[in-house]
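Remarks on the overall topology
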Amino acid sequence: MNKKYFGTDGIRGKANTDPMTAEVALRIGAAVGTYFSGKRSNNRRVVIGKDTRLSGYMLENALTAGLTSTGMNVLLLGPVPTPAVGFLTRSMRADLGVMITASHNRHEDNGIKFFDSHGYKLSDNAELGIEKIADEAARLAPPGEIGRARRIDDGLGRYAEYVKTTFPRNLRLDGIKIVIDCANGSAYKVAPSVLWELGAELETISAAPNGYNINDNCGSTSTDAARNHVLKSGAHAGICFDGDADRVVIIDEHGEIGDGDQLLALLASRFMASGRLRKNEVVATVMSNFGLEKFLQRRGIKLHRTSVGDRYVAEKMRENELNLGGEQSGHIILSDYMTTGDGLIASLQFLAEMAAKKCAASELLRQFEPVPQINKNVSVRRGFDPLALGKVQQAIEHAKARVGSEGRVLVRKSGTEPVVRIMAECSDLAVLEAVAGEIGFAVASE
């Protein structure tokens, strides 16, 4: 199914450039309001959160205008993590949740994510339905039924109080020194506050957003600054969020990085040992390391793989009634607590294990030895699909034959950027370099 506006995770693009313009946001807001108009006859409401990008103001106002024009009442949360929107959509009995963010991208980009009334991201069918309305005509409310907009001042506090309930009441973080990298994003207030209240000694970096510095050489995709702070300060661990705080990576006391796969392995083992892992099954994406799959198999845990995107992980979890899933990038979904990836809750689960076992972060972050993996991004023209070319397909098939049955090759178009993503895994690094280079050359030569 081809979608005009929606990608892997909502709508995304360069700010003030199609589709991330005020005009498109207005049209999408009216289309969403029309799509959900049949859900309830009156007092329909939508909560809107955003991260710290300058363009968030523009898109927030445009979405609000579109939504209120269809009779939706808008509740504005201001800067909050993406999972807070999913949580507050349910908590406030709203019909819809909206998050304005481009996640881990820099400030030049922005995006829009949508949640249904249960706090889950919208299905492909819902997105197609919204696009159809956007390209046709929204159903505008009569003058007496235009919606209202109001600011909600305590939304972040409600989320913070809930997050703390996910941390065991018999534990505290006293004596644990943590470096927090907030990516100059939407966790800049709530993450330090929650961890401090749980007793941690904190050193907070990248927590001064100015509209332009979100994810700028900081956060979960650029960990050098946090790693240096951990090593210089003698911290016990580092926690790095992305711009909207729905993902996290952990740094141990030696400066080594633990990604989402290592967190999944740790939590799967912990949950299984305590009888909490439903059906002894876990969900990850096709990008998760082959080493994770082997680790889980040895423990009798089944791994389901999905397409890239935490919403596909969440859908598979709901379909199979499972409670643990995530992505290598650091989206960890703990459905006992939250409907979507939540970096803060995931980090608290890790820190709870540190506190309970009184062990070093390094003892927890190396659950398995990863199979060597190469990830390569190749820029392409927007709208162009090089994967349909015969020579690219030949390069991919040749690569799969070279890595063999103990390796994997995955080539896909990004749903958020105009790039082709190449992933290859096998034990021979020379082979990895060669096959990734061959595929990259075939893609780039068009």
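Just so we're clear, the structure is a prediction, and the values are computed from it rather than from any experiment.

What about the overall build of the chain?
Each helix and strand in the chain was counted, giving 14 helices and 19 strands. Taking 2.2 N^0.38 as the reference for a compact globule, 446 residues should give roughly 22 Å; the C-alpha atoms of the chain span a radius of gyration of 22 Å, in line with that estimate. Dimensions along the principal axes, computed over C-alpha positions, put the chain at roughly 65 × 60 × 40 Å. Classification of the 446 residues of the chain by burial places 60% in the buried group. When contacts within the chain are restricted to residue pairs at least 6 apart in sequence, those whose partners lie at least 24 apart make up 71%.

Regarding the sheet that holds strand β2 (residues 10-14)
Reading across the sheet, the seven strands line up as β1-β2-β6-β5-β3-β4-β7 and stay open at both edges, with mixed pairing between neighbours. This sheet does not close on itself; its edge strands, each paired only once, are β1 (6-7) and β7 (149-151). In this structure, strand β4 (residues 73-79) lies alongside β7, joined through three bridges in parallel fashion. Its bridge partner lying in β7, leucine 76 is registered against arginine 151. The strands that helix α2 (residues 55-68) touches are β3 (45-50), β4, β5 (96-100), β6 (109-115) and β7; relative to β3, the one it contacts most, it runs at about 170°.

Considering the nonpolar core
Judged by nonpolar contacts, the single largest core of 71 residues is most densely connected at Leu173, Phe241, Val282, Leu324 and Phe350. It is helix α11 (residues 343-357) that provides the largest number of residues to this core, a total of nine residues. Ignoring sequence-local partners within four residues, the contact set of valine 282 consists of Leu264, Ala268, Leu277, Leu296, Ile301, Lys302, Leu303, His304 and Leu324.

A word on the environment of glutamate 23
Tracing the backbone shows glutamate 23 in helix α1 (residues 22-35). Each C-alpha atom, one on glutamate 23 and one on valine 85, is 24 Å from the other, the two residues being 62 residues apart in sequence. A polar side-chain atom of glutamate 23 sits 3.0 Å from a polar atom in the side chain of arginine 27.

Some words on the packing of helix α5 (residues 155-165) against helix α6 (residues 190-197)
Where α5 contacts α6, the axes come no closer than 10 Å and their chain directions differ by 40°. Relative to α6, α5 is oriented oblique. Note that α5 runs across α6; the crossing there is right-handed. Contact residues: Leu156, Tyr159, Ala160, Glu161, Val163 and Lys164 in α5; Val190, Val194 and Glu197 in α6. In terms of residue class, the contact of α5 with α6 is made up of six nonpolar, no polar and three charged.

Some words on the sheet that holds strand β10 (residues 237-241)
Strand order across the open sheet formed by five strands is β9-β8-β10-β11-β12, with mixed pairing between neighbours. The open sheet has two edge strands with one neighbour each: β9 (201-205) and β12 (257-258). Packed on one face of the sheet, α6 meets β8 (177-181), β9 and β10 and runs near 170° to β9. Of the strands in this sheet, β8, β10 and β11 (248-251) touch α11, which is tilted by about 165° from β10.

Some remarks on helix α7 (residues 224-233)
The set of residues buried in α7 consists of Ala226, Val230 and Ser233. The buried residues of α7 occupy one face: seen down the axis, they fall within an arc of 90°. Exposed residues on α7 whose side chains face more than 90 degrees from its buried face are Asp224 and Lys232. In the core, the buried residues of α7 are packed alongside β8, β9, β10 and β11. Downstream of α7 by one or two residues, glycine 234 has phi in the positive range, about 70°.

Considering unusual backbone geometry
With omega at 10°, the peptide bond leading from aspartate 18 into proline 19 counts as cis. Among the structural elements, proline 19 can be located in the loop between β2 and α1. Of note, the phi angle at serine 206 is positive, near 50°, even though the residue is not glycine. Residue placement: serine 206 occurs in the loop between β9 and α7.

Quick look at the pairing of strand β18 (residues 408-413)
Where burial is concerned, most of β18 is hidden: five out of the six residues are buried. Pairing between β18 and strand β19 (residues 419-425): six bridges, direction antiparallel. Looking across to β19, one finds that arginine 412 is bridged to arginine 421. Between β18 and β19, which pair antiparallel one after the other, the connecting turn spans five residues.

Some thoughts on the side chain of arginine 12
For arginine 12, the location among the structural elements is in strand β2. Buried and unpaired, arginine 12 has no salt bridge, with aspartate 9 as the nearest side chain of opposite charge at 4.6 Å.

Quick notes on the side chain of asparagine 320
Assignment of secondary structure puts asparagine 320 in helix α10 (residues 310-320). A polar atom in the side chain of asparagine 320 sits 3.0 Å from the backbone oxygen of lysine 316. Those residues in contact with asparagine 320 that sit more than four places away from it in its chain are Lys279 and His304.

Focus: the pattern of salt bridges
As enumerated under the stated definition, the model contains 31 salt bridges in all. Here aspartate 174 makes a salt bridge to arginine 172, at a shortest N to O gap of 3.0 Å. Take aspartate 174: its relative accessible area is 49%, and that puts it in the partly exposed class. For arginine 172, a relative accessible area of 47% gives the class partly exposed. Of the charged contacts in the structure, one is a salt bridge between glutamate 293 and arginine 305, with a shortest N-O distance of 2.9 Å. Separated by 12 residues along the polypeptide, glutamate 293 in helix α9 (residues 290-298) and arginine 305 in strand β14 (residues 302-306) bring together distant segments of the chain. The class of glutamate 293 is buried, set by a relative accessible area of 18%. Its relative accessible area of 25% is what places arginine 305 among the partly exposed residues. Here the salt bridges share partners, and the residues they tie into one network are Asp9, Lys113, Lys121, Asp244, Asp246 and Asp310.

Reading the values: rules and limits
- Residues numbered from 1 in each chain as written.
- Predicted model: local features only at pLDDT ≥ 70, side-chain atom pairs only at ≥ 80, totals over all residues.
- Heavy atoms only, no water.
- Helix = DSSP H or I, 4+ residues; strand = E, 2+ residues; numbered from the N terminus.
- Rg over C-alpha atoms; globule rule 2.2 N^0.38 Å.
- Buried < 20%, exposed > 50% of the residue type's maximum accessible area, 1.4 Å probe, protein only.
- Contact = heavy atoms within 4.5 Å.
- Pairing = 2+ DSSP bridges.
- Axes fitted to C-alpha atoms, helices over the stretch in contact; angles between N-to-C directions.
- Core = buried A, V, L, I, M, F, W, Y, C linked by side-chain atoms within 4.5 Å.
- Polar contact = N/O pair within 3.5 Å; in protein donor to acceptor, adjacent residues only side chain to side chain.
- Parallel < 35°, antiparallel > 145°, perpendicular 65-115°, else oblique.
- Left-handed = near helix turned anticlockwise from the far one by under 90°.
- Nonpolar A, V, L, I, M, F, W, Y, C, P; charged D, E, K, R; others polar.
- Arc of directions from axis to C-beta.
- Lys, Arg positive; Asp, Glu negative; His and termini not counted.
- Salt bridge = Lys/Arg side-chain N within 4 Å of Asp/Glu carboxyl O.

Geometric values such as these leave the question of function open.
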